[in-house]
Amino acid sequence: LFVLAIGVFITMTMRSGAIAAGIASVGRRFGGRGVPLIIMLMIIFSIGGTTEGMAEETLAFYALVVPLMLTLGYDRMVAATVILLGAGVGTMGSTINPFATGVASGAADIGIGEGLPLRLLMYLVFTAVAITYVVRYAQKVKADPSASLTGFHDDDKTLTGEIEVPRITRRQRSVLWLMAATFAFMIYAIVPWAQVISGPDADSYRFQLDWYFPELAALFFVMSIVIGVVAGLGEKGLTDTIVEGAGDFISVGLIIVLARGVTVIMNNAIITDTVLHALES
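Okay, so let's go over this structure. Residue indices follow the written sequence of each chain, beginning from 1 at its first position. Reporting in this predicted model follows two pLDDT cut-offs: at least 70 for local features of residues, and 80 or more for side-chain atom pairs to be given and counted; totals over whole chains, interfaces and linings ignore these cut-offs and use all residues. Side-chain numbers come from the whole structure's heavy atoms, not from hydrogens or water.

### With respect to the layout of surface pockets
Taking a probe equal in size to a water molecule and rolling it over the atoms shows the remaining empty space.
Next, step 1: Each pocket or cavity is described by its volume, and for the largest pocket that value is around 1000 Å³.
Next, step 2: Here a cavity denotes a set of grid points, spaced 1 Å apart and computed over the protein atoms alone, in which a 1.4 Å probe fits but from which it cannot get out, and a pocket denotes an open set meeting protein on both sides within 12 Å along at least five of seven lines; residues with an atom within 4 Å of a point are reported as lining. Considering the residues around the largest pocket, the lining is formed by 35 residues, among which Ile 44, Ile 47, Leu 176, Met 179 and Ala 180 are closest to the centre.
Next, step 3: Think of it this way: any DSSP run of H or I at least four residues long counts as a helix, any run of E at least two long counts as a strand, and we number them from the N terminus. Elements with a minimum of two residues in the lining of the largest pocket: helix 2 (18-29), helix 3 (34-52), helix 7 (116-143), helix 9 (170-190) and helix 10 (193-198).
Next, step 4: With nine residues, helix 3 is the single largest residue contributor to the lining of the largest pocket.
Next, step 5: Three categories are distinguished: nonpolar for Ala, Val, Leu, Ile, Met, Phe, Trp, Tyr, Cys and Pro, charged for Asp, Glu, Lys and Arg, and polar for the others, with Gly belonging to the last. Split into classes, the residues belonging to the lining of the largest pocket amount to 26 nonpolar, six polar and three charged.
Next, step 6: Computed from the structure, the second largest pocket encloses a volume of approximately 420 Å³.
Next, step 7: As for the second largest pocket, its lining consists of 17 residues, and the residues nearest its centre are Val 103, Gly 106, Phe 213, Ile 256 and Val 257.
Next, step 8: Taken together, the elements giving at least two residues each to the lining of the second largest pocket come down to helix 1 (2-15), helix 6 (98-108), helix 11 (213-230) and helix 12 (234-268). Grid points are joined across faces, edges and corners, and a volume is the space filled by probe spheres set on the points.

Set out below in structure tokens:
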């Protein structure tokens, strides 16, 4: 249910056009400065990766980022790596990614907040390394176009002339703030603050919520409706997006259910330890 709820949340946010407009707004603001633009875009994509495992959602941004990078004198490889490595390293260091960390925590029967400091450190290191790698390659290509791995094509000038950067609206800006606030509250709700502040032996903390999948599913489903209303999708747009978002992620939910079923069968048959011991040997 949590996977379906966050699927609805992500689809609702994408349908509002807020994420695309936000990326475009960053591109417009740093349009004349290549290196700051690369850094900012990779940080944004990495945040998407570490919070919700952004992967397929990035496909829509290539049409915007490729012409933008060509305009700045970079090649297509820079545009691809900004998106691919940005989201990829974020997903590798999944801090609160429910499709990776969340599912794994549930299978291990531990809280999703456990191990968060180490995952956060991994995320920061991976992102810094990836940004450094892409920036160095981009500067090399701009200084010497012959160093490009993909080369430049005759239609590059035509492509850069067709770039359309959408303007972000007040509704979309509000949606982005709501999206950021939802993920921020999710982090606060799942982190075992007693252990973070007082050590691993601490039992409770006054402001600790101890939320898990049921509460988080409710959070994302409610915020999906709020975002749909704020984005002005209307009754039909709101309900259609809920159905579409849940439908897109039903396969993920089924995989989780079936994988859990395999675990239950193996445990009930008392063969889990035997199999693991054989593999270890």
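### Digging into the nonpolar core
Next, step 1: By nonpolar core we mean a set of buried residues, namely Ala, Val, Leu, Ile, Met, Phe, Trp, Tyr and Cys, connected to one another through side-chain atoms within 4.5 Å. Burial classes follow relative accessibility: with a 1.4 Å probe on protein chains only, a residue under 20% of its type's maximum area counts as buried, one over 50% as exposed, and anything between as partly exposed. The biggest cluster of nonpolar side chains holds 62 residues, and the ones touching the most others in it are Ile 38, Phe 45, Met 69, Val 78, Val 82 and Met 186.
Next, step 2: Any two residues having at least one pair of non-hydrogen atoms within 4.5 Å are treated as being in contact. When residues no more than four places from it in sequence are discounted, the contact partners of Met 69 are Leu 37, Ile 38, Leu 41, Tyr 74, Asp 75, Val 78, Ala 79 and Val 82.

### Focus on the packing of aromatic side chains
Next, step 1: Any two rings among Phe, Tyr and Trp, with Trp reduced to its six-membered ring, count as a pair given centres within 6.5 Å; such a pair is stacked if its planes are under 30 degrees apart, edge-to-face if over 60, and tilted if neither. Counting across every chain of the model gives seven aromatic pairs.
Next, step 2: Among the aromatic residues, those joined into a ring-pair cluster are Phe 2, Phe 9, Phe 183, Phe 213 and Phe 220.

### What about the pattern of salt bridges?
Next, step 1: Whenever a carboxyl oxygen of Asp or Glu lies within 4 Å of a side-chain nitrogen of Lys or Arg, that contact is scored as a salt bridge. Scanning the model with the defined rule gives two salt bridges in all.
Next, step 2: The partner of Arg 15 in a salt bridge is Glu 244, with the nearest N and O atoms 2.3 Å apart. A residue pair is termed long-range when its members are at least 10 positions apart, and Arg 15 in helix 1 and Glu 244 in helix 12 qualify at 229 residues.
Next, step 3: For Arg 15, a relative accessible area of 38% corresponds to the partly exposed category.
Next, step 4: Residue class for Glu 244 comes out partly exposed when judged on its relative accessible area of 36%.
Next, step 5: As a salt-bridge pair, Lys 236 and Asp 240 come within 2.7 Å of each other at their nearest N and O atoms. Separated by four residues within a single helix, Lys 236 and Asp 240 lie in helix 12, roughly one turn from each other.
Next, step 6: For Lys 236, a relative accessible area of 57% translates into the label exposed.

### A word on the packing of helix 4 (residues 62-71) against helix 5 (residues 76-92)
Next, step 1: Direction vectors running N to C along helix 4 and helix 5 enclose 135 degrees, while the axes themselves pass 8 Å from each other. Comparing the axis directions of helix 4 and helix 5 gives the class oblique. Judged by the sense of rotation from one axis to the other, the crossing of helix 4 with helix 5 is right-handed. Within the contact between the two elements, helix 4 uses Tyr 62, Val 65, Val 66, Met 69 and Leu 70 and helix 5 uses Arg 76, Val 78, Ala 79, Ala 80, Val 82, Ile 83 and Leu 84.
Next, step 2: Its residues assigned to classes, the contact of helix 4 with helix 5 shows 11 nonpolar, no polar and one charged. Throughout, an axis means a line fitted to C-alpha atoms (over the contacting stretch in the case of helices), and angles, computed between N-to-C directions, take values from 0 to 180 degrees. Under this scheme an angle from 65 to 115 degrees is roughly perpendicular, one under 35 degrees roughly parallel, and one over 145 degrees roughly antiparallel; angles in between are oblique. The crossing is said to be left-handed when, going from far helix to near helix, the turn is anticlockwise and less than a right angle, and right-handed when the turn is clockwise.

These figures come from the coordinates and say nothing about function on their own.
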